[in-house]
Amino acid sequence: VQPKQEMHHHSTHIPVSIEWPKQLQFSSHNNFRTWFTVSENRRATQLAEQVIDHAQNNLNPLIIVGESGTGKSHLLNAIGQAAMVSNEQSTYFVRANELPFAISENHNWTDILSQASMLIIDDIDHSLENDEVANTWGNIIDLALNMNVHVIVSSTTMPQGWPATKLWDLLRTGVKTILGAVGIGSLMLYSRNLTLQRSMVLNDEQLALVVRYGSGGWRATRNAIDKLEAAVRNGVPLSEESDVYNILNDIETNVQENST
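Residues numbered from 1 in each chain as written. Predicted model: local features only at pLDDT ≥ 70, side-chain atom pairs only at ≥ 80, totals over all residues. Heavy atoms only, no water.

Draft legend 1. Quick look at the sheet that holds strand β4 (residues 116-121). Pairing is mixed in the open sheet, where six strands are placed in the order β1-β3-β4-β5-β2-β6. The two strands at the open ends of the sheet, each matched to only one other strand, are β1 (22-23) and β6 (175-179). (Pairing = 2+ DSSP bridges. Helix = DSSP H or I, 4+ residues; strand = E, 2+ residues; numbered from the N terminus.)

Draft legend 2. Fine view of the pairing of strand β5 (residues 150-155). Of all six residues in β5, six are buried; the element is thus mostly enclosed. Sheet topology note: the strand β2 (residues 62-66)/β5 ladder contains four bridges and is parallel. Among the inter-strand pairings, V65 is bridged to a residue of β5, identified as S155. (Buried < 20%, exposed > 50% of the residue type's maximum accessible area, 1.4 Å probe, protein only.)

Draft legend 3. The pairing of strand β3 (residues 90-94), seen in detail. Burial within β3 is extensive, with five of its five residues counted as buried. Alternating residues of β3 divide into S90, Y92 and V94 and T91 and F93, and every residue in both groups is buried. Pairing geometry for β1 and β3, over two bridges, is antiparallel. In the sheet register, Q23 faces β3, and the bridge partner there is Y92. In terms of strand pairing, β3 meets β4 through five bridges, oriented parallel. Paired with F93 across the strands is I120, a residue of β4.

Draft legend 4. Structural view of the layout of surface pockets. One number sums up the size of the largest pocket: a volume of about 740 Å³. Lining the largest pocket are 30 residues; nearest its centre among them are G71, H74, W218, R219 and R222. Listing elements by their share of the lining of the largest pocket, those giving two or more residues are α2 (72-86), α7 (184-197) and α9 (217-233). The element best represented in the lining of the largest pocket is α9, accounting for five residues. Residue composition of the lining of the largest pocket, grouped by class: eight nonpolar, 14 polar and eight charged. (1 Å grid on protein atoms, 1.4 Å probe; cavity = no way out; pocket = protein on both sides within 12 Å on 5 of 7 lines; lining within 4 Å. Points joined across faces, edges and corners; volume = space filled by probe spheres on them. Nonpolar A, V, L, I, M, F, W, Y, C, P; charged D, E, K, R; others polar.)

Draft legend 5. Layout of the nonpolar core. Formed by 30 residues in total, the largest nonpolar core has its most connected members in L119, I121, I124, W137, L167 and L171. Look past the residues within four positions of L167 in its chain and what remains in contact with it is I124, S127, L128, A134, W137, G138, I141 and W162. Core analysis: the next-biggest nonpolar cluster, separate from the first, contains 24 residues, V182, L187, V210 and I247 among them. (Core = buried A, V, L, I, M, F, W, Y, C linked by side-chain atoms within 4.5 Å. Contact = heavy atoms within 4.5 Å.)

Draft legend 6. Summary view of the packing of α7 against helix α8 (residues 204-211). Look at α7 against α8: their axes get within 9 Å of each other, and the N-to-C directions meet at 110°. Here α7 lies roughly perpendicular to α8, going by the angle between them. Seen from α7, the contacting residues are I184, L187, M188, S191, R192 and T195; seen from α8, they are D204, L207, A208, V210 and V211. Of the residues assigned to the contact of α7 with α8, the class counts are seven nonpolar, two polar and two charged. (Axes fitted to C-alpha atoms, helices over the stretch in contact; angles between N-to-C directions. Parallel < 35°, antiparallel > 145°, perpendicular 65-115°, else oblique.)

Draft legend 7. Representation of helix α1 (residues 42-53) within the structure. Along its twelve residues, α1 runs 17 Å from first to last C-alpha, staying within 8% of the 16 Å computed at 1.5 Å per residue. Among the residues making up α1, those that are buried are A44, T45, L47, A48, V51 and I52. Seen from one end, α1 has its buried residues packed into an arc of 165°, which puts them on one side. Turned more than 90 degrees from where α1 packs its buried face, R43 and D53 sit exposed. Where the residues of α1 are buried, they touch β2, α2, β4, β5 and β6. (Expected span 1.5 Å × (residues − 1). Arc of directions from axis to C-beta.)

Next up, the structure:
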């Protein structure tokens, strides 16, 4: 006979088959191997690591706040990927464009969350555009917390400034951490790390050109390194500062013409 205290534990529910929310799948993209820790994200990284080491025990819910381009989606995916390694239960990942599905899909969330150890929601503040969506997600997160499912969300704004909904009421008291906009110095460290990984040696002046490429930020810096790497594979040298400038700005030189 099953002990009474375990009769209604969520791990004893019969699994159900659903199409949404999606279970996070293993991926080589946006995990901790490709995450770069700097001063602007160090505290958030430490909290993320603590969640992984002690999932479902503390820091629940965790709200990661930052502007677009600060790495929120990357960090959420990295947390989920790491959690999947140590937990056989599902990790559900909900993206901003999927938030309205909560009111259009007729789900038994108790059954869904009975299979989960973690519920991750990217850009949860996008739900604030509709009070019904926000209240629905507030109820879902409330249920998840009561079922000991670890809830991790990202947002561009702090919950304290949100309209009064069930979602606001739940998350305003959660654990919050901020991802700061990455600075030039941190991007220099990041670009140097990437170039060394790819066996390219650039001096500080060349790295500064990389960091200033496009709009700056994590993604633009990585794209600049990708572009340089492609040129190197085609035999274009990177010996001078001008070489990097010409490649990034699509300026053809005699050397480049002769290498193609």
